[in-house]
Amino acid sequence: MAAITLRGARVATMLGGRADVIEAGAVAMRDGLIAWVGPDAALPAEHAAAEIVPLEGRLLTPALIDCHTHIVFGGDRAREFEMRLEGASYEEIARAGGGVVSTVRETRAASEEALVAAALPRLDALLAEGVATVEVKSGYGLDVATELRMLRAARRLADLRPVRIVTTFLGAHATPPEYAGRADAYIDEVAIPALRAAHAEGLADAVDAFCEGIAFSPEQVGRVFDAARALGLPVKLHAEQLSNLGGAALAARHGALSADHLEHLDGAGVSAMAAAGTVAVLLPGAFYALRETQAPPAAALRAAGVPMAVATDCNPGTSPMTSPLLAMNMACTFFRLTPAEALAGVTVHAARALGLADCGVIASGMRADLAEWDATAPAELAYRIGFNPLRRRWFAGAPA
């Protein structure tokens, strides 16, 4: 693989979650990794002899990471968007047979090829805004065969695009119609067996669940997490989105990588996450689409030292968004993150939310996944609305 050195860049390394900039910086890439980063004037001779790409003062950041998506699914839920505008709540739509269950019908009917084809335009939109790593969840099959088909489709995306795909098993997303009123039986007869099958096939990097009144109780989630632990898989949780069932504290007790949504998170949950090192993944797209009024307690999370990641939550119903840049802007506007926190949320903290230690910052030995922007300061990325300043995306040390 060619050795390439980027020179004359404004380099935001994001080390320590800070958006400090090396004003006249250089980044040397070799064999898909970052070999050196520092001031241009201090560039070692061996890297100055490599192929040089001048950045002419443009901003260079780690490539973005979308650490919470549901981009593999069948159908759409545009009608539910209309229903919400007419006054129906997310819970009312779900209890009437809409929500996740409506997507389940379409996803079960789709072939693996159809799922891949439908996901690619969503993936392409993410890549066009500087993303190099995407987490993809299952959870719209709710039977063993379709859950596995979703995960296989997600894995195939990395064969078709220059992207790193991280897969998450989300069998405990909702109770399918055939198990209505029998959530415990669904967990024991479908979710856990599907998890074991996904692990046996090497399809799952982590395990997620939805802890909510319209989904699964803490006790039911705990059984799924126990099964995940027995398989050696890390866990994460959709928690405190619509109510407070103590999901974040449950996730923390299980050493979860992340707890996601968190609009109804309380002080006890914040403390538990801080003690466990669990990342808070904020999802402003869902907050916006559902017209929520209670925001996650960002100030309390900040004060407790809980890392805050930001993601699109791209899904067909409650966050049909494929723009991480818009998610950053929303995180600042709705949740009062600073622009630097928003950028950390889609880089270094997003990597931690996925359990990845080789990306999210610009440092020697890390993956050479970078985003080059027609911008001069990190704040510009969260500041604009509906504008994409990406100049070039670097994936494994090559332009992509």
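Residues numbered from 1 in each chain as written. Predicted model: local features only at pLDDT ≥ 70, side-chain atom pairs only at ≥ 80, totals over all residues. Heavy atoms only, no water.

Novice: What's the story with unusual backbone geometry in this structure? I'm lost.
Specialist: Peptide bonds are mostly trans, and most non-glycine residues show a negative phi. Unusually for a residue other than glycine, Met14 sits at a positive phi of about 65°. Here Met14 shows up in the loop between strand S1 (4–12) and strand S2 (21–30). Overall, the relative accessible area of 0% leaves Met14 in the buried class. Positive phi outside glycine occurs at His261, with the angle close to 90°. Looking at where His261 falls in the secondary structure, it is placed in strand S11 (residues 258–261). (Helix = DSSP H or I, 4+ residues; strand = E, 2+ residues; numbered from the N terminus. Buried < 20%, exposed > 50% of the residue type's maximum accessible area, 1.4 Å probe, protein only.)

Novice: Just to check I follow, could you spell out the side chain of Ser258 for this structure?
Specialist: The topology assignment puts Ser258 in strand S11. Under the relative-accessibility criterion, Ser258 is labelled buried at 1%. Setting aside its immediate chain neighbours within four residues, Ser258 contacts Val235, Lys236, Leu237, Thr278, Val279, Val281 and Ala353. (Contact = heavy atoms within 4.5 Å.)

Novice: Any chance you could explain the sheet that holds strand S7 (residues 131–137) here in plain terms?
Specialist: With parallel pairing, 8 strands are arranged side by side in an open sheet as S6-S7-S8-S9-S10-S11-S12-S13. Only two strands of the sheet have a single partner each, and these edge strands are strand S6 (64–66) and strand S13 (308–310). Taking the axes of each pair of neighbouring strands and ignoring which way they run, one obtains an average angle of 25° across the sheet. Two elements, strand S12 (residues 279–282) and S13, share 3 bridges in a ladder whose sense is parallel. Within the sheet, the bridge partner assigned to Val281 lies in S13 and is Ala309. Packed onto the sheet, helix H8 (residues 218–231) meets strand S8 (164–172), strand S9 (206–211) and strand S10 (236–239) and runs at close to 175° relative to S9. (Pairing = 2+ DSSP bridges. Axes fitted to C-alpha atoms, helices over the stretch in contact; angles between N-to-C directions.)

Novice: Mind showing me how you'd approach the UniProt feature "domain: Amidohydrolase-related" (unreviewed entry) in the protein here?
Specialist: Here, the residues flagged by UniProt with the feature "domain: Amidohydrolase-related" (unreviewed entry) are residues 60–375. In this annotation, residues 60–375 is assigned 45% helix and 15% strand; the end-to-end C-alpha distance for the span is 9 Å. (UniProt positions renumbered as here; feature names shortened; annotations may be inferred.)

Novice: What should I look at first to understand the environment of Ala215 in this one?
Specialist: Mapped onto the secondary structure, Ala215 falls in the loop between S9 and H8. When its relative accessible area of 10% is taken as the criterion, Ala215 is described as buried. Sequence separation of Ala215 and Ala2 is 213 residues, and the distance between their C-alpha atoms is 50 Å. Dropping the residues within four chain positions of it, Ala215 is found in contact with His173, Phe210 and Gln220.

Novice: How should the pairing of S11 be read in this particular structure?
Specialist: In the case of a regular strand, side chains alternate between the two sheet surfaces. Looking at chain direction, S10 and S11 are connected through 4 bridges and run parallel. Looking at the pairing, His238 lines up with Asp260 of S11. On the question of chirality, the crossover connecting S10 to the parallel S11 by way of helix H9 (residues 247–253) is right-handed. The sheet contact formed by S11 and S12 spans 3 bridges and is parallel. What sits directly across from Asp260, in S12, is Val281. The β-α-β motif built from S11, the intervening helix H10 (residues 267–276) and the parallel element S12 has right-handed crossover chirality. (Right-handed = clockwise from strand over helix to strand, strands pointing away.)

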